[in-house]
Amino acid sequence: MTQIRSVGVVGGGLMGSGIAQVSAQGGYPTILRELDDALCDKARASIERSLQKAIEKGKLTAEQRDATLGRLTFVTHLERLAACDLVIEAVVEHLDTKRALWRSLDALAAPHTMFASNTSSLSIVDQAAATKRGDRFVGLHFFNPVPAMRLVEDVRTVTTSDDTVDAAFDFVRAIGKEPIAAKDSPGFVVNLLLVPYMLDAVRAVERGVASVQDIDTGMQLGAGHPMGPLALCDYVGLDTLQKVAEIMWAAYREPRYAPPPLLSRLVAAGMLGKKNGRGFYDYSGDRPAPNAL
Ligand code: CAA
Ligand code: NAD
């Protein structure tokens, strides 16, 4: 079976920084590629904060933090990922961007290198088809926040070899996560069910069913969810959620996947959720405060 000894991660936003962190924590030398030095610094700072939080909770020692950081390298040149055994992409949810990335990487990477996409909703085969290594192409769908969420969907497509699927399962277990096997259909398992729920919560705000805060409190206290659906939309990123909804709506043509106008308005206003401090809630104070929408 393919042996994974080193990992490359492309994109160091919400997901890429988390994936690079858990890969390095799992013992893999990990190279994270971002577009410029400032974005590399931002990804490194986010990983350092997350590791610090784990130390404060008594889940990590200072020595383990230092060893994890020692296994991480931040680069801007894609060529630096050429020798990695596994490259995972976590760039924006846009097919042409991902395909262009895979085309470049395919030309650079060692013949044995496995490719994995962390896409939320795009087809794996559409990405694999941009490369000449469809057999070594798989979906590895992590969940946000990556260090805390145990699941990874391991997505095989029509071209993926058994060896690649097995190596992907082994990697997921080696970093302390639980894999499930999912087919290459938009949204895989979790987003097929979770995305319509989040979009329904946005529609409930549009219809004036209740306030943002009361909808969230309702689902937390009434259904035992760790966070309410609108806080979750902010957590995922409203721009990402909008792209995911557009992709799933185009794929299924079912109204429950259609992006609600309020979501599009917030994205147009630059309110992207927790990652830039404003979405359904304002994150500038001590506690998130619902925005007047
Ligand atoms: N780094 C490291 N660990 C973290 C972390 C981070 N950034 N954020 C949270 N954690 C860990 C904490 O250390 C803590 O672990 P222990 O219970 O072992 O101590 C645990 O997560 C809970 O954290 P907190 O006590 O600080 O906070 P909380 O109890 O409010 O939980 C939460 C935070 C884990 C985010 C929780 O609210 C939750 O599970 N929310 C739902 C998240 C969810 O549904 N994610 C899926 C989004 S959809 C997606 O990802 C797919 C897609 O394609 C869009
Ligand atoms: P994000 O906007 O936080 O980060 C994307 C990052 O990719 C940015 O930092 C950007 O600079 C970088 N980037 C863009 N093109 C690049 C390139 N060619 N090379 C290197 N870096 C590049 O987005 P995110 O939330 O981390 O989402 C990333 C991917 O993960 C998307 O496909 C998304 O659907 C998926 N995903 C998101 C979540 C979530 O909850 N946000 C959960 C699971 C999967």
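Note that the structure is a prediction, hence the values are computed from the model and not measured. (Residues numbered from 1 in each chain as written. Chains lettered and ligands numbered in written order. Predicted model: local features only at pLDDT ≥ 70, side-chain atom pairs only at ≥ 80, totals over all residues. Heavy atoms only, no water.)

Draft legend 1. Region of the structure containing the site of ligand 2. Around ligand 2 there are 22 residues in total, and Glu34, Glu93, Lys98, Ser120 and Val236 lie nearest to it. In this structure, an oxygen atom belonging to ligand 2 sits 3.2 Å away from a side-chain N or O atom of Asn144. Taken by itself ligand 2 offers 840 Å² of open surface, and the protein chains cover 88% of this. Those elements giving two or more residues to the shell around ligand 2 turn out to be α1 (14–25) and β6 (137–142). Among the residues forming the shell around ligand 2, the class breakdown is nine nonpolar, eight polar and five charged. Inspection of the shell around ligand 2 shows a minimum of three residues originating in each of domain 1 (7–183) and domain 2 (195–280). (Near = heavy atom within 4 Å. Polar contact = N/O pair within 3.5 Å; in protein donor to acceptor, adjacent residues only side chain to side chain. Areas by Shrake-Rupley, 256 points an atom, 1.4 Å probe, with all protein chains shown as cover. Helix = DSSP H or I, 4+ residues; strand = E, 2+ residues; numbered from the N terminus. Nonpolar A, V, L, I, M, F, W, Y, C, P; charged D, E, K, R; others polar. Domains from an automatic or database assignment.)

Draft legend 2. Looking closely at the domain arrangement of the protein. Along its sequence, the protein is organised into domain 1 (7–183) and domain 2 (195–280). One C-alpha centre belongs to domain 1, the other to domain 2, and the line joining them spans 26 Å. Taken together, the contacts link seven residues of domain 1 with seven residues of domain 2. Between domain 1 and domain 2, the buried area comes to about 690 Å², and carbon and sulfur atoms account for 71% of it. Three residues stand out in domain 1 for area buried against domain 2, namely Leu14, Glu93 and Ser121, and they jointly supply 56% of the buried area on that side. The tally of links from domain 1 across to domain 2 stands at zero salt bridges. Summed over the shared surface of domain 1 and domain 2, the number is one residue pair in polar contact (both at pLDDT 80 or more). Of the residues assigned to the side of domain 1 that touches domain 2, the class counts are three nonpolar, three polar and one charged. (Contact = heavy atoms within 4.5 Å. Buried area = accessible area lost by both parts, 1.4 Å probe. Salt bridge = Lys/Arg side-chain N within 4 Å of Asp/Glu carboxyl O.)

Draft legend 3. Examining the site of ligand 1 more closely. Ser50, Lys59, Ser120, His141 and Asn144 are the nearest of the 19 residues found near ligand 1. Separating a nitrogen atom of ligand 1 from a side-chain N or O atom of Lys53 is a distance of 3.4 Å. With respect to ligand 1, the backbone of Asn144 contributes an N or O atom lying 2.7 Å from a nitrogen atom. Looking at the shell around ligand 1, the elements with two or more residues in it are α2 (37–56), α7 (190–206) and α9 (229–236). The dominant element in the shell around ligand 1, judged by the number of residues it contributes, is α9, at three residues. Residue composition of the shell around ligand 1, grouped by class: eleven nonpolar, five polar and three charged. Each of domain 1 (7–183) and domain 2 (195–280) contributes no fewer than three residues to the shell around ligand 1.

Draft legend 4. Spotlight on the nonpolar core. Leu86, Ile88, Leu140, Phe142 and Phe171 are the most contacted members of the largest nonpolar core, which totals 33 residues. For this core, the elements supplying multiple residues, two or more each, are β1 (7–10), α1, α2, β3 (72–75), β4 (86–89), β5 (114–117), β6 and α6 (162–174). The residues contacting Phe142, other than those within four sequence positions of it, are Met15, Ile19, Val22, Ile88, Asn118, Leu151, Val152, Phe171 and Ile175. By size, the runner-up hydrophobic cluster in this structure holds 26 residues, among which are Val205, Leu230, Cys233 and Tyr281. (Core = buried A, V, L, I, M, F, W, Y, C linked by side-chain atoms within 4.5 Å. Buried < 20%, exposed > 50% of the residue type's maximum accessible area, 1.4 Å probe, protein only.)

Draft legend 5. Representation of a positive patch on the surface. Taken together, Lys53, Lys57, Lys59 and Lys274 make up a surface patch of like positive charges. Summarising the element assignment, Lys274 is placed in the loop between α11 (261–268) and β9 (281–282). Taking the relative accessible area as the measure of exposure, Lys274 reaches 44% and is therefore partly exposed. (Patch = residues over 30% accessible without salt bridge, like charges linked within 9 Å, V, L, I, M, F, W, Y side chains within 5 Å. Lys, Arg positive; Asp, Glu negative; His and termini not counted. Charge placed at Lys NZ, Arg CZ, Asp CG, Glu CD.)

Draft legend 6. Main features of the sheet that holds strand β8 (residues 178–183). Across the sheet, which stays open at both edges, the eight strands sit in the order β3-β2-β1-β4-β5-β6-β7-β8 with mixed pairing between neighbours. What marks the edges here is a single partner per strand, and that holds for β3 and β8. Neighbouring strand axes in the sheet, compared pairwise and without regard to direction, differ in orientation by 25 degrees on average. On the sheet, α2 packs against β2 (30–33) and β3 and is oriented at approximately 155 degrees with respect to β3. (Pairing = 2+ DSSP bridges. Axes fitted to C-alpha atoms, helices over the stretch in contact; angles between N-to-C directions.)

Draft legend 7. Just the packing of α9 against helix α10 (residues 238–252), in detail. For the pair α9 and α10, the least separation of the axes is 6 Å and the interaxial angle reads 95 degrees. Accordingly, the angle class assigned to the pair α9 and α10 is roughly perpendicular. Where α9 abuts α10, its residues Cys233, Asp234 and Val236 lie against Leu238, Thr240 and Leu241. (Parallel < 35°, antiparallel > 145°, perpendicular 65-115°, else oblique.)

Draft legend 8. Local environment of the layout of surface pockets. Taken as a whole, the second largest pocket encloses approximately 320 Å³ of empty space. Gln213, Asp216, Gln220, Met227, Gly228, Ala231, Tyr235, Lys274, Tyr281, Tyr283, Arg287 and Pro288 are the residues that line the second largest pocket. Elements represented by at least two residues in the lining of the second largest pocket include exactly α8 (212–223) and α9. Considering each element in turn, the lining of the second largest pocket owes the most residues, three residues, to α8. Among the residues forming the lining of the second largest pocket, the class breakdown is six nonpolar, three polar and three charged. (1 Å grid on protein atoms, 1.4 Å probe; cavity = no way out; pocket = protein on both sides within 12 Å on 5 of 7 lines; lining within 4 Å. Points joined across faces, edges and corners; volume = space filled by probe spheres on them.)

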